[in-house]
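# Chains, contacts and geometry: an overview
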Amino acid sequence: MLLRKITLEEFGAYRGKQSLDLTPKKNKPIILIGGLNGCGKTTLLDAIQLALYGNRARCSGRGTKPYDAYLRESINRKADPTRGSAITLEFTIMTGGHEHYYRVVRSWHISGKTLKEFLNVYVDDTYGARAKTQRNVTPEGKFNRLLSEGWADHVESLLPLEIASLAFFDGEKIESLADPERAASVIESAVHSLLGVSTVQQLRNDLLALQRRQKLSDEEQHLLDNIRAQEAEREAVLSQYDIAHQELAHSRTELGKAQRKLDSLEKAFADEGGDLFTRRIELENDKKQTAARLAQVRGELIQLAAGPLPLLMTQPLLQDVRRQAEREQEAQQSEQVLQVLEARDQWLLDLVPDTVRADVLKQLDADRAERADRTQLPVDLRLPHDALAQLTVLNELLQRDQERSQQLLHSAAELTEQLDQLDRQLAGVPAQDKVEALQVARDEQIVEVARRQAACDRAMAKLEDLKRRREHVTALLERAHKEFVRTKVKAEEVERIIKYSERARDTLERFGSALLKRHISRLEVAVLQSFKVLMRKQGLVHDLRIDTDKFTLTLADADGEPIDPARLSAGERQLLAVSLLWGLMRVAGNRLPSVIDTPLGRLDSRHREHLVDRYFPNASDQVLLLSTDEEIDEYLLGRLKKSVAQTYTLVHDDTEFTTAVVEGYWWNAGAEHAG
């Protein structure tokens, strides 16, 4: 379990909306949160537990207060009670090999004289896959109504309350554990809840409760016989199902072998050029078709060459002829106009007065002379009157044939290149004697794979049929059992339940004792190792034992003599308590976060250094340290810095009695060293 983020809204001394990113980094498990006494460090620890456990949370400020009263008092005094407070806790859990993202929102407000509380749980089942591709993306998750309504039970499967009390602890709890005699109850609770011993005991209790519910009766013996017959049939179906399952597994194994052999033959066939050999006929057909298309293209080119296309070579001459045709056409038009102008000029002369007739006649003669010059050609080929139109049509034909010829030449080049490629591929086709044996073996193996696949399909169909029979028989048996319970016909069934449940309880008792001894042994080693790592006096404690009955902790020196706890200083006893918690987490696999409030209360400088250097960076995969400026001071911060992922300072306003969260610690660009 990894805590990702917590957001407080008008909770306790926290005014407004305050958020802390609690996500650790690689090789940096520590989230350091600084605050003077009374700034809200313990409130932050309470908020985590309250978000998870609600009424069952063991909050430090609650005491014997009713839950409603505690929630009322937790609303910030400056906030509007009708809007209330809220705590949002985001965390991830690994379940079944997948990482799931949870967002738990617990809010409450005052409506009239009553307090209303709400719990909404959001879950993102694809967080692990997306987090690998999208960095720094916080998923919203989907609201889960069933999970929200049954959260009290679900959270016990994620982080039982008894275990959480070991993961979330403050200086007072460390003080209480400093006495080995008082630590016995904690050791007992931890071994039973954190290490799974309580599960064995719960199973024994459940079996005992089952025994006590059984009552013998002589009614309706035939119902018992019916159940026995159906149980026998079910056992037979289960046996057949197991056999069919084994047959399916065998068929799949044989199919896998056949497929691997086929893959090997396919590879060998391909390495010998078998693909080309198989495609030989296809390649030859492609070559024939390509050659035919090339011959067709060349035929079209010949047809184009038989038409006007060769005239493209005389393009300049054709242009000269076109210009001559234009000149001759213009001369003909000028000659025709002259004939018309003579009659028009005579008509005009008759209309004008005699005084201006001479000037008009002069201008008209000049115009006709100019037009007569146009009819004179240096060369007159006597081209037909439609020569220009014919030349235009010829030009269009030549342009069309030129474009078509270019397309055909491009196609001919591509087809020629295709023929060359096909010739090269055909040249690489291996001889038949090289691949024939491989081809035969491959074809035979293909048939074998198909046969194995058919056998596998039959086995699968048989298994599905038996599965349906099993479900049918099971349903009949369940109905018979219900009828059996309703009529209270138990007889031998009751005796069998009592007999075998008693055996199971005895077995579980032996198993529980063995499991307890094993866990106690591992815990002894882990706690002793942790204590030696943290202790300044390495030779003081040589051995450590935990009694399996009373769970008391005993220390021994190098001579095996018991060590009176009174011989240990207050700091050494505190280190022993820390070692106990550290050892428990190590035996549990460091799968839980460690939230530690004011951890360095009574330790001297050397022990504080040991705790900072050896415990905090290794306490768990995620460690939340809630410290004052005197506990983690500037010197210890420097030693701890390489293991710190995030730092925050809780700054308290003594005039408003509110706390704000500021990024950074006192000595690394955090808040000012003030209350």
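Conventions adopted
- Residues numbered from 1 in each chain as written.
- Predicted model: local features only at pLDDT ≥ 70, side-chain atom pairs only at ≥ 80, totals over all residues.
- Heavy atoms only, no water.
- Helix = DSSP H or I, 4+ residues; strand = E, 2+ residues; numbered from the N terminus.
- Buried < 20%, exposed > 50% of the residue type's maximum accessible area, 1.4 Å probe, protein only.
- Contact = heavy atoms within 4.5 Å.
- Areas by Shrake-Rupley, 256 points an atom, 1.4 Å probe, with all protein chains shown as cover.
- Salt bridge = Lys/Arg side-chain N within 4 Å of Asp/Glu carboxyl O.
- Pairing = 2+ DSSP bridges.
- Core = buried A, V, L, I, M, F, W, Y, C linked by side-chain atoms within 4.5 Å.
- Expected span 1.5 Å × (residues − 1).

### Things to note about the overall build of the protein
Secondary structure summary: the protein contains 20 helices and 14 strands in total. Taken across its 675 residues, the protein has 41% of its residues classed as buried. A sequence separation of at least 24 residues applies to 72% of the contacts in the protein between residues at least 6 apart. With an accessible surface of roughly 37,700 Å², the protein has 50% of that area assigned to carbon and sulfur atoms.

### A look at the side chain of Ser148
With respect to the helices, strands and loops of the structure, Ser148 is situated in helix 4 (residues 145-149). Ignoring anything within four residues of it in the chain, the contact list for Ser148 reads Leu119, Asn120, Val121 and Phe143.

### Considerations on the pattern of salt bridges
A full pass over the atoms with the stated rule returns 18 salt bridges. Of the charged contacts, one joins Glu254 and Lys257 as a salt bridge, the two residues approaching to 3.8 Å between their closest N and O atoms. Here Glu254 and its partner Lys257 are both found in helix 10 (residues 221-271), three residues apart, which amounts to about one turn of the helix. When its relative accessible area of 44% is taken as the criterion, Lys257 is described as partly exposed. Between Asp401 and Arg400 there is a salt bridge whose closest N-O contact spans 3.3 Å. When its relative accessible area of 5% is taken as the criterion, Asp401 is described as buried.

### Some words on the pairing of strand 1 (residues 2-11)
Most of strand 1 sits out of view: seven of its ten residues are buried. With seven bridges connecting them, strand 1 and strand 4 (residues 85-95) associate as antiparallel partners. Among the inter-strand pairings, Glu9 is bridged to a residue of strand 4, identified as Ala86. In terms of strand pairing, strand 1 meets strand 2 (residues 14-21) through six bridges, oriented antiparallel. Residue pairing in the sheet places Phe11 in a bridge with Tyr14 of strand 2. Here strand 1 folds back onto strand 2 in antiparallel fashion, the turn holding two residues, of which Gly12 has a positive phi close to 60 degrees.

### Comments concerning the nonpolar core
One recurring pattern in soluble globular proteins is that nonpolar side chains are buried together. Core analysis: the biggest nonpolar cluster contains 57 residues, and Ile6, Leu52, Phe91 and Trp151 have the highest contact counts within it. Counting residues per element, this core draws most heavily on helix 1 (residues 41-53), which supplies eight residues. Leaving out residues up to four positions away in the same chain, Phe91 has contacts with Met1, Leu2, Leu3, Arg4, Leu52, His100, Tyr101, Tyr102, Val104, Trp151 and Leu158. With 48 residues, the next largest nonpolar core counts Leu528, Leu540, Leu544 and Leu555 among its residues.

### Quick word on the environment of Lys17
Its place among the elements puts Lys17 in strand 2. Residue classification places Lys17 among the exposed residues on the basis of a relative accessible area of 59%. Sequence spacing of Lys17 and Ile87 is 70 residues, and the spatial spacing of their C-alpha atoms is 9.6 Å. With near-sequence residues (within four places) excluded, Lys17 lies in contact with Thr7, Leu8 and Glu9.

### Concerning unusual backbone geometry
Although it is not a glycine, Asn27 sits at a positive phi angle of roughly 60 degrees. Tracing the backbone shows Asn27 in the loop between strand 2 and strand 3 (30-35). A residue is classified by how much of its surface remains accessible, and Asn27, at 65% relative accessible area, is exposed. In this structure, Phe657 takes a positive phi of about 55 degrees despite not being glycine. Relative to the helices and strands, Phe657 resides in the loop between strand 13 (644-653) and strand 14 (658-663). Overall, Phe657 belongs to the partly exposed group, its relative accessible area being 46%.

### Here we look at helix 18 (residues 570-588)
Because each turn of an α-helix spans 3.6 residues, side chains separated by three or four positions end up pointing in the same direction. Compared with an ideal rise of 1.5 Å per residue, which puts 19 residues at 27 Å, helix 18 spans 27 Å between its outermost C-alpha atoms and is within 8% of the ideal. Helix 18 sits mainly inside the fold: 16 of its 19 residues count as buried.

### Focus on the pairing of strand 3
A regular strand places its side chains so that they alternate between the two faces of the sheet. For strand 3, the tally of buried residues reaches six of six residues, placing the bulk of the element in the interior. Side chains Ile30, Leu32 and Gly34 of strand 3 all project onto a buried face; the interleaved residues Ile31, Ile33 and Gly35 project onto the opposite face, where all are buried too. Bridging between strand 3 and strand 12 (residues 623-627) involves five bridges; their strand directions are parallel. Residue pairing across strands places Ile31 opposite Leu624, the latter belonging to strand 12.

Shape descriptors only; they carry no functional weight alone.
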